[in-house]
Amino acid sequence: MPAAIIGREGPLAGRRFPIGSKPVTFGRSADSGVVIASGSASRLHAEVVRDGDRYILKDRGSRNGTLVNGVPVTSRVLNPGDLITIGGEVFAFEVADSMETITEVFSLPPAPAEPVLHVTVSGGGPVGLAFALLLEHHLGRRVSVTVHDGRWIQDGPRVVWKTEAQGNVRRQQVVTVQSRQFLNLPEEVQARLFTAEAFSEMWPAGPDSIRGFGPRNIRIAHVEDVLLEMANEKADRIRLVPANFDPAEQREEVAKGHVLAICEGGRSRTREFFTDKFGTPDTSIYSLEGRHVQDIVLGLRVKSGLSDPTAVLLTVAQNRFLLNSLRGEGFLNMRLTDAEAREVIGVDPVRQVFEQCVASRPCLMGRDEEGDFRCSTHGTLFLPALVKGSALWKRVLEGLALFGVTEDNLSAVTGFRLDMVQRPRFTAHLYSATANTPGTYGFLLGDAANAIHFWPGRGLNSGLASAISLARSLNNAWRGRSFRDADFVRHEAAMSMLQYRHKSRAWNAMVTTDQQGVTCAIKDRIALSIEEGLPEGEDGSADREALLDQLRQIRDRLAPRIAGMPDDATLREHLGQLKAETVRTLLASGAWDTLTVGGEEVDIDIFYREGPPLTGAKALAPVRRP
């Protein structure tokens, strides 16, 4: 009598696992006959063994035990209908009746199974989840994707994001996604992401926009929620593991698969584990006089009362503050000088010690009942806000005034750094093929490849482009055989172009050139203006007129693409609310170099169009679109 394990509750519900002469194993290991994603399951949790006409369930020393009909067991002879619970998932033991047996005997042999591409993804943020959904879209049942992320937790049959109480501070930042990226996502993903209330079009369409669509502002937490929800719905092809990926512990799992996609972010432990494969990054290209330039940014979660056109104009006119918001709610990013960055610390009011969690982790400090900014992870308070007379806090308040934010509408502070390096490669052959393994290739995607942060969305756009490129390469190359280096030439070229375009633009947002042609960091220009202050006898009126003239020129250039720009009288009244020292600092920071910071985006489509591959100069030539 044919017997089988049938999934009843959980991601494997409905799946059938026949029991033959070999044991059926349960566990988190990819070698298991029944792979259970739950973190409460052990690598080898349990097994069902056939013994003559009997089927025996044995617990293999699991951490959290195995239940049969709700009772813990170590060994149990199974009867038809028994329910087995492992790691929150429920399975039934069933034996086919005689009619089912006759049907199986006389049924046609099954068609040979198509070879399945096995992919492991470390990091389940927007890039890792988008990559998994792209693969599922392209390859369907020919792919099996396992995604690891420690910010998740099992909730019944689904995997969900941990809450703040569980140690996960959700990212409420708003990012600007280019049309070139979101239009290359599967239509199902586009429809679920961009519902009417989920995004706004704050920035105008430009030379990087395609098919008449402009860039869209959208909250990262919303992107994460939607993509994780969609991945849960595809449990037959996308397995979600609510635990951090450990490259040493899971070496065997990776070596038995075809692909490891590293999407953990700029501080990826997996990337560092494979440094000898991907090579050592170079800092010299982003240095001045031998010093690696880093920008420290203070992120202020705010609600602005300004209209989107006014916010865009004020953002583009200077390089000290940048507002990215969804209908006024988002983050105001403040570029700090080195001296200011040293003030971005927390203080533990109990132990009376200082912590750099807000700048180095980074942590989010939200307002507590007393109105202080408290880190929920470390219990520290934001020191500059406690010392009301601190110079940094006064400048923060001036930034709020610039963007029409009252102090009551500042709800949290955080910090992050722009720390760019040049990566030698993004594709590496991690493990060679053996008699039992296919040979594994590794890929750096998202911030693990190119960490770019000050301009919100630059990292996400680069990450989505990299995921789109790799998914296309894998779809084109997968034939059921081991991969070769040549299969990923186009993807590696696309990644190199993304690195050059995004980092060259970010570099131009970090430095400026004076009238003598000397390049210096923008943060140093800001620091010098603060140090020098206003010359004796000046009231700042000349600076206000100069900044107003700068705003007027930018407004006239943007007005054809953005309706509702403020007039001169409105701008003059608004600038009149700022201190003279603030206006001087804004002038010193300089306006955006919009031709460089904007401009045309990398078009990875040139590598994946139908027809023969592009070579030489044709491969690098930009494609102009109407």
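Residues numbered from 1 in each chain as written. Predicted model: local features only at pLDDT ≥ 70, side-chain atom pairs only at ≥ 80, totals over all residues. Heavy atoms only, no water.

## What to know about the state of the cysteines
- One pass over the full model with this rule turns up zero disulfides.
- Among the cysteines around Cys 363, which has no disulfide bond, Cys 375 carries the closest sulfur, lying 3.8 Å off.
- Given a relative accessible area of 1%, Cys 375 falls into the buried group. (Disulfide = S-S within 2.5 Å. Buried < 20%, exposed > 50% of the residue type's maximum accessible area, 1.4 Å probe, protein only.)

## Digging into the sheet that holds strand β6 (residues 54-59)
- Taken together, five strands build an open sheet; the order of strands is β4-β3-β5-β6-β9 and the sheet is mixed. Each having just a single partner strand, β4 (34-35) and β9 (75-77) make up the two edges of the open sheet.
- In terms of strand pairing, β6 meets β9 through three bridges, oriented antiparallel. Paired with Leu 57 across the two strands is Arg 76, which belongs to β9. (Pairing = 2+ DSSP bridges. Helix = DSSP H or I, 4+ residues; strand = E, 2+ residues; numbered from the N terminus.)

## Topic: the sheet that holds strand β11 (residues 89-95)
- Taken in spatial order, the six strands make up an open sheet running β2-β1-β11-β10-β7-β8, and their pairing is antiparallel. Two strands lie at the open edges of the sheet, namely β2 (16-19) and β8 (71-73), each paired on one side alone. Between one strand and the next, the sheet's axes are offset by a mean angle of 30°, whatever the strand orientation.
- The sheet contact formed by strand β10 (residues 83-86) and β11 spans four bridges and is antiparallel. Of the residues in β11, the one forming a bridge with Thr 85 is Val 90. (Axes fitted to C-alpha atoms, helices over the stretch in contact; angles between N-to-C directions.)

## Thoughts on the packing of helix α17 (residues 541-558) against helix α19 (residues 580-589)
- Look at α17 against α19: their axes get within 9 Å of each other, and the N-to-C directions meet at 45°. With respect to each other, α17 and α19 are oriented oblique. Between α17 and α19 lies a crossing of left-handed hand. Taking contact as the criterion, the partners of Asp 543, Arg 544, Ala 546, Leu 547 and Gln 550 in α17 are, on α19, Ala 580, Val 583, Arg 584, Leu 586 and Leu 587.
- Its residues placed into classes, the contact of α17 with α19 shows six nonpolar, one polar and three charged. (Parallel < 35°, antiparallel > 145°, perpendicular 65-115°, else oblique. Left-handed = near helix turned anticlockwise from the far one by under 90°. Contact = heavy atoms within 4.5 Å. Nonpolar A, V, L, I, M, F, W, Y, C, P; charged D, E, K, R; others polar.)

## Here we look at the packing of aromatic side chains
- This structure, assessed with the given rule, holds 16 aromatic pairs.
- Seen from their ring centres, Trp 478 and Phe 483 are 5.7 Å apart, and the 55° between their planes marks the pair as tilted. As far as the burial class goes, Trp 478 and Phe 483 line up, both buried.
- Look at Phe 483 and Phe 488: their rings are 5.3 Å apart centre to centre, the planes differ by 65°, and that puts the pair in the edge-to-face class. Here the two residues Phe 483 and Phe 488 agree in accessibility, since each one is buried.
- Three or more aromatic residues link up through ring pairs in this structure, and these residues are Tyr 441, Phe 443, Trp 478, Phe 483 and Phe 488.
- Over the ring of Phe 194 we find Arg 216, and its NZ or CZ is 4.9 Å from the ring centre. (Phe/Tyr/Trp six-rings, centres within 6.5 Å; stacked < 30°, edge-to-face > 60°. Lys NZ or Arg CZ within 6 Å of the ring centre and 35° of its normal.)

## Here we look at the layout of surface pockets
- Reported here for the second largest pocket is a volume of approximately 940 Å³.
- In terms of lining residues, the second largest pocket is bounded by 35 residues, among which Val 35, His 118, Ser 144, Thr 146 and Arg 239 are the most central.
- Only β12 (117-122), β13 (143-148), β15 (158-161) and β19 (238-241) provide two or more residues apiece to the lining of the second largest pocket.
- Per-element tally for the lining of the second largest pocket: the top contributor is β13, with four residues. (1 Å grid on protein atoms, 1.4 Å probe; cavity = no way out; pocket = protein on both sides within 12 Å on 5 of 7 lines; lining within 4 Å. Points joined across faces, edges and corners; volume = space filled by probe spheres on them.)

## Things to note about α19
- Within α19, seven of the 10 residues are buried, leaving the element largely enclosed by the surrounding structure.
- Those residues of α19 that sit buried are Ala 580, Thr 582, Val 583, Thr 585, Leu 586, Ala 588 and Ser 589.
- Close packing links the buried residues of α19 with β24 (321-326), α13 (391-402), α16 (522-532), α17 and α18 (568-575).
- Positive backbone phi, at 80°, marks Gly 590, one or two positions downstream of α19.

## Notes on unusual backbone geometry
- Phi is positive for Asn 69, which is not a glycine, with a value near 55°.
- Assessed through its relative accessible area of 42%, Asn 69 is described here as partly exposed.
- Not every positive phi belongs to a glycine, and Glu 289 is a case in point at roughly 55°.
- On the secondary structure map, Glu 289 appears in the loop between β21 (287-288) and β22 (291-292).
- The exposure class of Glu 289 is exposed, given its relative accessible area of 87%.

## Observations regarding helix α14 (residues 458-477)
- With 20 residues, α14 extends 29 Å between its outermost C-alpha atoms, agreeing within 8% with the 28 Å of an ideal straight helix rising 1.5 Å per residue.
- Most of α14 is tucked away, with 18 of its 20 residues classed as buried. (Expected span 1.5 Å × (residues − 1).)

## Digging into the side chain of Asp 487
- Considering the arrangement of structural elements, one finds Asp 487 in the loop between α14 and α15 (489-508).
- Polar contacts involving the side chain of Asp 487 include one to the main-chain amide nitrogen of Arg 484, which spans 2.8 Å.
- Those residues in contact with Asp 487, other than ones at most four positions away along the chain, are Ser 473, Ala 477 and Arg 481. (Polar contact = N/O pair within 3.5 Å; in protein donor to acceptor, adjacent residues only side chain to side chain.)

## So, the pairing of β13
- Most of β13 sits out of view: five of its six residues are buried.
- Regarding topology, helix α2 (residues 126-139) serves as the crossover connection from β12 to the parallel β13, and that connection is right-handed. (Right-handed = clockwise from strand over helix to strand, strands pointing away.)

## Some points on the pairing of β6
- As defined by bridge partners, strand β5 (residues 46-51) adjoins β6 across six bridges and the pair is classed as antiparallel. Residue pairing across strands places Val 49 opposite Ile 56, the latter belonging to β6.
- Between β5 and the antiparallel strand that follows it, β6, lie two residues; Gly 52 among them carries a positive phi value of about 65°.

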